[in-house]
Amino acid sequence: NAELREKLVVLFILSLLLRGVLLFNDEVITNDISLYVERSSAMVDDGDVPYVDKEMHKPPMYAYMLYFLGQGLGPGEMQFRAFFSVVDSAMAVALFCLLREQFDEAYALYGGLVYSICPINVISTGLEGHYDPLVSFFVIMALYLHFEGKQHLSSLSLGVGFAFKLYPFIFAPFLVWKLKE
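Residues numbered from 1 in each chain as written. Predicted model: local features only at pLDDT ≥ 70, side-chain atom pairs only at ≥ 80, totals over all residues. Heavy atoms only, no water.

1. Details of helix H7 (residues 132-147)
- Taking 1.5 Å of rise per residue, 16 residues should cover 22 Å, and H7 covers 23 Å from first to last C-alpha, within 8% of that figure.
- The set of residues buried in H7 consists of Pro133, Leu134, Val135, Ser136, Val139, Ile140, Ala142, Leu145 and His146.
- Immediately beyond the C-terminal end of H7, within one or two residues, lies glycine 149, with a positive phi of roughly 85 degrees. (Helix = DSSP H or I, 4+ residues; strand = E, 2+ residues; numbered from the N terminus. Expected span 1.5 Å × (residues − 1). Buried < 20%, exposed > 50% of the residue type's maximum accessible area, 1.4 Å probe, protein only.)

2. Quick word on helix H1 (residues 2-22)
- Across its 21 residues, H1 extends 31 Å between first and last C-alpha, which sits within 8% of the 30 Å expected from 1.5 Å per residue.
- Looking at the buried side of H1, the elements it contacts are helix H4 (77-102), helix H5 (105-117) and helix H6 (119-127).
- The backbone nitrogen of glutamate 3 lies 2.8 Å from a side-chain oxygen of the residue at the head of H1, namely asparagine 1. (Contact = heavy atoms within 4.5 Å. Polar contact = N/O pair within 3.5 Å; in protein donor to acceptor, adjacent residues only side chain to side chain.)

3. Some remarks on the nonpolar core
- Membership of the largest hydrophobic core comes to 17 residues, with the highest contact counts inside it found for Tyr36, Tyr62, Met65, Leu66, Phe80, Phe84 and Tyr131.
- Those elements giving two or more residues to this core turn out to be helix H2 (32-44), helix H3 (60-73), H4 and H7.
- When residues in this core are grouped by element, the largest group, five residues, is from H3.
- The contacts of phenylalanine 80, once residues within four sequence positions are left out, are Ile33, Tyr36, Val37, Ser40, Leu66, Leu69, Gly70, Gly74 and Pro75.
- With 14 residues, the next largest nonpolar core counts Met91, Ala94, Ala108 and Ile140 among its residues. (Core = buried A, V, L, I, M, F, W, Y, C linked by side-chain atoms within 4.5 Å.)

4. Some thoughts on the environment of leucine 127
- With respect to the helices and strands, the residue leucine 127 is situated in helix H6.
- Expressed as a C-alpha distance, the spacing of leucine 127 and leucine 23, which sit 104 residues apart in the sequence, is 6.1 Å.
- Setting aside residues no more than four positions away along its own chain, leucine 127 makes contact with Leu22, Asn25, Glu27, Ile29, Arg81 and Val122.

5. Some remarks on the packing of H4 against H6
- H6 packs onto H4 with a crossing angle of 145 degrees between their chain directions and a minimal axis gap of 7 Å. Two secondary-structure elements touch here, H4 through Arg81, Phe84, Ser85 and Asp88 and H6 through Asn121, Thr125, Gly126 and Leu127.
- A breakdown of the residues in the contact of H4 with H6 according to their chemical character gives two nonpolar, four polar and two charged. (Axes fitted to C-alpha atoms, helices over the stretch in contact; angles between N-to-C directions. Nonpolar A, V, L, I, M, F, W, Y, C, P; charged D, E, K, R; others polar.)

As C-alpha coordinates, then:
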(Lines give C-alpha, C1' and ligand atoms only; values in the text may rest on other atoms or scores of the structure.)
Protein backbone atom coordinates (compact mmCIF):
# COMPACT_ATOMS: atom_id res chain seq x y z
CA ASN A 1 0.00 0.00 0.00
CA ALA A 2 1.52 3.30 -1.15
CA GLU A 3 0.10 5.33 1.75
CA LEU A 4 1.60 2.98 4.31
CA ARG A 5 4.97 3.03 2.55
CA GLU A 6 4.88 6.83 2.57
CA LYS A 7 4.22 6.88 6.32
CA LEU A 8 7.10 4.51 6.96
CA VAL A 9 9.48 6.57 4.84
CA VAL A 10 8.47 9.76 6.66
CA LEU A 11 8.94 8.00 10.01
CA PHE A 12 12.38 6.78 8.97
CA ILE A 13 13.48 10.16 7.60
CA LEU A 14 12.19 12.06 10.65
CA SER A 15 14.09 9.72 12.92
CA LEU A 16 17.23 9.94 10.81
CA LEU A 17 17.11 13.74 10.65
CA LEU A 18 16.82 14.05 14.43
CA ARG A 19 19.83 11.82 14.92
CA GLY A 20 21.72 13.20 11.95
CA VAL A 21 21.72 16.73 13.34
CA LEU A 22 23.76 15.45 16.28
CA LEU A 23 26.41 13.90 14.04
CA PHE A 24 27.97 17.33 13.70
CA ASN A 25 28.18 17.83 17.46
CA ASP A 26 31.36 16.66 19.14
CA GLU A 27 30.23 16.80 22.75
CA VAL A 28 31.25 13.72 24.74
CA ILE A 29 28.94 12.25 27.35
CA THR A 30 30.45 8.76 27.57
CA ASN A 31 33.59 7.27 26.08
CA ASP A 32 31.85 4.28 24.43
CA ILE A 33 32.28 5.65 20.92
CA SER A 34 35.99 6.22 21.58
CA LEU A 35 36.32 2.57 22.62
CA TYR A 36 34.56 1.45 19.42
CA VAL A 37 36.97 3.49 17.31
CA GLU A 38 40.03 2.40 19.28
CA ARG A 39 39.13 -1.30 19.12
CA SER A 40 38.08 -1.12 15.48
CA SER A 41 41.30 0.66 14.51
CA ALA A 42 43.36 -1.91 16.40
CA MET A 43 41.66 -4.74 14.48
CA VAL A 44 41.60 -3.08 11.06
CA ASP A 45 44.91 -1.19 11.08
CA ASP A 46 47.06 -3.21 13.48
CA GLY A 47 45.66 -6.70 12.93
CA ASP A 48 44.76 -7.22 16.59
CA VAL A 49 42.70 -10.30 17.34
CA PRO A 50 39.73 -9.72 19.68
CA TYR A 51 39.85 -11.52 23.03
CA VAL A 52 43.52 -12.34 22.39
CA ASP A 53 45.29 -9.01 21.84
CA LYS A 54 42.56 -6.87 23.40
CA GLU A 55 40.51 -7.71 26.44
CA MET A 56 36.78 -7.50 25.73
CA HIS A 57 33.91 -8.27 28.05
CA LYS A 58 31.27 -8.42 25.34
CA PRO A 59 29.72 -11.23 23.29
CA PRO A 60 31.49 -12.10 20.01
CA MET A 61 29.26 -10.19 17.57
CA TYR A 62 30.44 -6.97 19.19
CA ALA A 63 33.97 -7.57 17.95
CA TYR A 64 32.78 -8.65 14.50
CA MET A 65 30.60 -5.55 14.29
CA LEU A 66 33.54 -3.28 15.13
CA TYR A 67 35.77 -5.04 12.63
CA PHE A 68 33.32 -5.02 9.71
CA LEU A 69 32.17 -1.46 10.35
CA GLY A 70 35.81 -0.38 10.53
CA GLN A 71 36.58 -2.20 7.28
CA GLY A 72 33.48 -1.01 5.47
CA LEU A 73 33.09 2.56 6.67
CA GLY A 74 36.40 3.32 8.32
CA PRO A 75 37.02 3.30 12.06
CA GLY A 76 35.85 6.80 12.91
CA GLU A 77 33.38 8.30 15.36
CA MET A 78 31.27 9.91 12.63
CA GLN A 79 31.03 6.65 10.68
CA PHE A 80 29.94 4.65 13.71
CA ARG A 81 27.44 7.26 14.85
CA ALA A 82 26.00 7.56 11.31
CA PHE A 83 25.62 3.78 10.99
CA PHE A 84 23.90 3.42 14.36
CA SER A 85 21.67 6.40 13.55
CA VAL A 86 20.46 4.58 10.44
CA VAL A 87 19.88 1.40 12.46
CA ASP A 88 18.02 3.36 15.14
CA SER A 89 15.84 4.96 12.48
CA ALA A 90 15.07 1.49 11.12
CA MET A 91 14.22 0.54 14.69
CA ALA A 92 11.36 3.08 14.66
CA VAL A 93 9.99 1.42 11.51
CA ALA A 94 10.41 -2.08 13.01
CA LEU A 95 8.58 -0.95 16.13
CA PHE A 96 5.77 0.36 13.95
CA CYS A 97 5.54 -3.04 12.22
CA LEU A 98 5.47 -4.88 15.55
CA LEU A 99 2.79 -2.63 17.00
CA ARG A 100 0.73 -2.83 13.82
CA GLU A 101 0.71 -6.60 14.26
CA GLN A 102 -1.12 -6.26 17.59
CA PHE A 103 -2.87 -2.87 17.37
CA ASP A 104 -4.33 -0.53 14.78
CA GLU A 105 -2.22 1.52 12.39
CA ALA A 106 -2.73 4.82 14.24
CA TYR A 107 -1.44 3.32 17.49
CA ALA A 108 1.51 1.76 15.67
CA LEU A 109 2.38 5.07 14.03
CA TYR A 110 2.16 6.83 17.38
CA GLY A 111 4.52 4.25 18.90
CA GLY A 112 7.02 4.66 16.07
CA LEU A 113 6.87 8.46 16.37
CA VAL A 114 7.36 8.37 20.14
CA TYR A 115 10.42 6.19 19.66
CA SER A 116 11.72 8.48 16.89
CA ILE A 117 11.53 11.66 18.94
CA CYS A 118 12.46 10.23 22.35
CA PRO A 119 15.39 12.39 23.51
CA ILE A 120 17.16 9.45 25.15
CA ASN A 121 17.19 7.51 21.88
CA VAL A 122 18.19 10.52 19.83
CA ILE A 123 21.09 11.50 22.11
CA SER A 124 22.37 8.01 22.91
CA THR A 125 22.51 7.09 19.23
CA GLY A 126 23.03 10.33 17.32
CA LEU A 127 25.48 11.85 19.76
CA GLU A 128 27.05 8.91 21.55
CA GLY A 129 26.79 6.20 18.89
CA HIS A 130 25.60 3.44 21.20
CA TYR A 131 24.97 0.17 19.40
CA ASP A 132 21.95 -0.82 21.51
CA PRO A 133 19.51 -0.09 18.66
CA LEU A 134 21.13 -2.90 16.70
CA VAL A 135 20.42 -5.33 19.52
CA SER A 136 16.93 -3.91 20.04
CA PHE A 137 16.23 -4.23 16.32
CA PHE A 138 16.87 -7.98 16.49
CA VAL A 139 14.70 -8.28 19.61
CA ILE A 140 11.84 -6.38 17.96
CA MET A 141 12.20 -8.55 14.87
CA ALA A 142 12.13 -11.66 17.07
CA LEU A 143 8.87 -10.51 18.64
CA TYR A 144 7.42 -9.58 15.25
CA LEU A 145 8.33 -12.97 13.80
CA HIS A 146 6.96 -14.65 16.92
CA PHE A 147 3.57 -13.01 16.38
CA GLU A 148 3.74 -13.97 12.71
CA GLY A 149 4.06 -17.61 13.80
CA LYS A 150 7.62 -17.95 12.49
CA GLN A 151 9.12 -19.37 15.66
CA HIS A 152 12.39 -20.63 14.20
CA LEU A 153 13.19 -17.30 12.55
CA SER A 154 12.13 -15.55 15.72
CA SER A 155 14.57 -17.65 17.74
CA LEU A 156 17.33 -16.98 15.22
CA SER A 157 16.74 -13.23 15.41
CA LEU A 158 16.80 -13.37 19.19
CA GLY A 159 20.02 -15.38 19.04
CA VAL A 160 21.67 -12.76 16.84
CA GLY A 161 20.62 -10.08 19.33
CA PHE A 162 22.04 -12.21 22.14
CA ALA A 163 25.33 -12.53 20.26
CA PHE A 164 25.66 -8.72 20.52
CA LYS A 165 24.50 -8.23 24.11
CA LEU A 166 23.18 -10.56 26.76
CA TYR A 167 19.86 -8.89 27.64
CA PRO A 168 17.80 -10.49 24.81
CA PHE A 169 18.18 -13.74 26.74
CA ILE A 170 15.24 -12.70 28.96
CA PHE A 171 12.93 -13.43 26.01
CA ALA A 172 14.32 -16.90 25.34
CA PRO A 173 12.06 -18.86 27.72
CA PHE A 174 8.97 -17.47 26.03
CA LEU A 175 10.15 -18.40 22.55
CA VAL A 176 11.38 -21.86 23.61
CA TRP A 177 8.01 -22.48 25.26
CA LYS A 178 6.26 -21.49 22.03
CA LEU A 179 8.56 -23.73 19.95
CA LYS A 180 7.52 -26.76 22.02
CA GLU A 181 3.82 -26.25 21.14
